[in-house]
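What follows is the residue order along each chain.
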Amino acid sequence: MFKSKWGVKGNLIINLIIPKPCNRFIHAQDTGQIKLYSFHGIIIRNRPNYNIIVMLDIADSKSTELEASLWEASEQGRYPVLCDQSPCLHRMRATIQKIKLYEPAEFIYTFLRDKLEFTPTDRPIAIHITCSMRKMGLANILISLAKLCSTQVFIPEEVGCCGFAGDKGFTQPELNTYALRKLRPQLTKAGIGIGYSNSRTCEIGLATNTGIPYVSIAYLVDQCTRPIKQENNLTLK
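Quantities reported herein were computed from a predicted structural model and do not represent experimental measurements. (Residues numbered from 1 in each chain as written. Predicted model: local features only at pLDDT ≥ 70, side-chain atom pairs only at ≥ 80, totals over all residues. Heavy atoms only, no water.)

Caption draft 1: Fine view of the pattern of salt bridges. What the rule picks out here adds up to 6 salt bridges. One salt bridge in this structure joins E65 and K62, with 3.5 Å as the shortest N-O distance. Of this pair, E65 and K62 both sit in helix α2 (residues 56-73), 3 residues apart, which is roughly one turn of the helix. The partly exposed category is assigned to E65, whose relative accessible area is 34%. Relative accessible area serves as the criterion here: at 27%, K62 is assigned to the partly exposed category. (Salt bridge = Lys/Arg side-chain N within 4 Å of Asp/Glu carboxyl O. Helix = DSSP H or I, 4+ residues; strand = E, 2+ residues; numbered from the N terminus. Buried < 20%, exposed > 50% of the residue type's maximum accessible area, 1.4 Å probe, protein only.)

Caption draft 2: Highlighting unusual backbone geometry. The backbone of E158 sits at a positive phi, close to 60°, despite the residue not being glycine. In this structure, E158 sits in the loop between β9 (153-154) and α7 (168-171). Phi is positive for A165, which is not a glycine, with a value near 55°. In this fold, A165 is placed in the loop between β9 and α7.

Caption draft 3: Layout of the packing of helix α4 (residues 104-112) against helix α6 (residues 139-149). Taken N-terminus to C-terminus, the directions of α4 and α6 make an angle of 65°; their axes are 9 Å apart at the nearest point. Crossing of α4 over α6 shows left-handed handedness. On the side of α4, the interface is formed by A105, E106, I108 and Y109, while α6 contributes I141, L142, S144, L145 and L148. When grouped by side-chain class, the residues that make up the contact of α4 with α6 number 7 nonpolar, 1 polar and 1 charged. (Axes fitted to C-alpha atoms, helices over the stretch in contact; angles between N-to-C directions. Left-handed = near helix turned anticlockwise from the far one by under 90°. Contact = heavy atoms within 4.5 Å. Nonpolar A, V, L, I, M, F, W, Y, C, P; charged D, E, K, R; others polar.)

Caption draft 4: Seen up close, the sheet that holds strand β8 (residues 125-127). Overall, parallel pairing links the 4 strands, which are arranged β9-β8-β10-β11 in an open sheet. Edge positions in the sheet fall to β9 and β11 (214-216), since each of these pairs with one other strand and no more. Relative to β9, β8 is paired through 2 bridges, and the arrangement is parallel. Looking across to β9, one finds that A126 is bridged to F154. (Pairing = 2+ DSSP bridges.)

Caption draft 5: Structural view of the packing of aromatic side chains. Applying the stated criterion across every chain yields a total of 4 aromatic pairs. Ring geometry for F164 versus F170: centroids 5.0 Å apart, planes at 90°, classification edge-to-face. Classification of F164 by relative accessible area gives buried; the value is 3%. For F170, a relative accessible area of 53% translates into the label exposed. (Phe/Tyr/Trp six-rings, centres within 6.5 Å; stacked < 30°, edge-to-face > 60°.)

Caption draft 6: Here's a closer look at the nonpolar core. In this structure, M92, I127, L145 and I217 are the most contacted members of the largest nonpolar core, which totals 38 residues. Among the nonpolar cores identified, the runner-up in size contains 12 residues, and C162, F164, L180 and I212 belong to it. (Core = buried A, V, L, I, M, F, W, Y, C linked by side-chain atoms within 4.5 Å.)

This is the structure we're talking about:
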């Protein structure tokens with residue numbers, strides 16, 4: 001049994017491989033009803049993105065397998081599913097229609113925003129909007145959440161796709177380097193020391209090519225908030 005640091009009460013299905021702050025959002029206690037599942041070995045972040053590497057038959061098979069596991073774990077779609085990777089969520093939303101699916105920024109903005117007291121930092125930060133966030137129409141959610149946490153949110157110009165392309169950044173890093181060629185000078189000029197996003201592979205490429213850390217937006221929220229005491233906990237539905 002699990003309960004959120006912030007008093008969010010209910011059943012939540014979440015990827016096991018999550019940013020460390022989520023261990024504070026959702027951590028083991030004696031009470032609460034939030035559950036962690038391994039989906040019988042289907043760990044979303046750790047499996048290859050078969051859709052990106054053009055193995056569409058395997059991608060469809062794995063999506064069907066994942067949907068069946070999530071359908072059971074979420075009690076037939078009764079409770080939402082949190083996936084820590086926006087590219088994975090984009091694929092999931094395209095193939096899984098009957099379950100409520102979220103990535104970290106939208107989940108926090110939807111379920112936790114009014115349960116938290118935000119104390120924005122004056123430290124300038126950079127935000128990277130992933131391709132999948134743009135395609136899902138969630139770019140403004142990520143920006144709005146960042147602006148609750150920092151008074152100086154920097155969104156670089158002429159930086160769209162980071163070029164990591166699933167796992168290609170590991171084997172063809174020149175794609176990543178070329179796509180981000182205009183980023184480092186902007187960050188240096190703006191005095192940015194850290195960036196935030198919601199895709200670990202994108203963050204790896206961003207950090208490698210800029211010389212500053214890029215981490216999950218969940219870290220920023222964790223640093224800039226504390227729970228608002230409430231008599232009744234929020235139930236996830």
